[in-house]
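Coordinate inspection notes
One-letter residues, chain by chain:
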Amino acid sequence: MASSNNRSRKAQLQSFKTEVANSMNVNLKQGYNGDITAREAGSIGGEMVKRMIAYAEQNMSNSDNMMK
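So, here's what we can say about the structure. (Residues numbered from 1 in each chain as written. Predicted model: local features only at pLDDT ≥ 70, side-chain atom pairs only at ≥ 80, totals over all residues. Heavy atoms only, no water.)

This part is about the overall build of the protein chain. Across its full length, the protein chain holds 2 helices and 0 strands. Within the protein chain, buried positions represent 15% of all 68 residues. Carbon and sulfur atoms provide 55% of the accessible area of the protein chain, an area that totals close to 5700 Å². (Helix = DSSP H or I, 4+ residues; strand = E, 2+ residues; numbered from the N terminus. Buried < 20%, exposed > 50% of the residue type's maximum accessible area, 1.4 Å probe, protein only. Areas by Shrake-Rupley, 256 points an atom, 1.4 Å probe, with all protein chains shown as cover.)

So this is what it looks like as structure tokens:
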């Protein structure tokens, strides 16, 4: 069961990474992407973190409002 859950989370993260890369006009391929620049790779990772923080902040503020 745990490995199935891990595969699902890995697939979701890959989908999120592809979505972010596409929004930044960086073409990621399935598998190896050693042909993208370090700047592009870093930008994708940075944008992913930025979006995850915004999502967490939004959900934290929603749960704070529910407790009041």
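The discussion continues.
Turning to the nonpolar core, a few remarks are in order. Counting 8 residues, the largest nonpolar core is built from Phe16, Val20, Ala21, Val26, Leu28, Ile36, Ile44 and Met48. Going through the elements one at a time, helix H1 (2-23) and helix H2 (38-67) are the ones with two or more residues in this core. No other element matches H1, which puts 3 residues into this core. Leaving out residues up to four positions away in the same chain, Ile36 has contacts with Val26, Asn27, Leu28, Ala41 and Ile44. (Core = buried A, V, L, I, M, F, W, Y, C linked by side-chain atoms within 4.5 Å. Contact = heavy atoms within 4.5 Å.)

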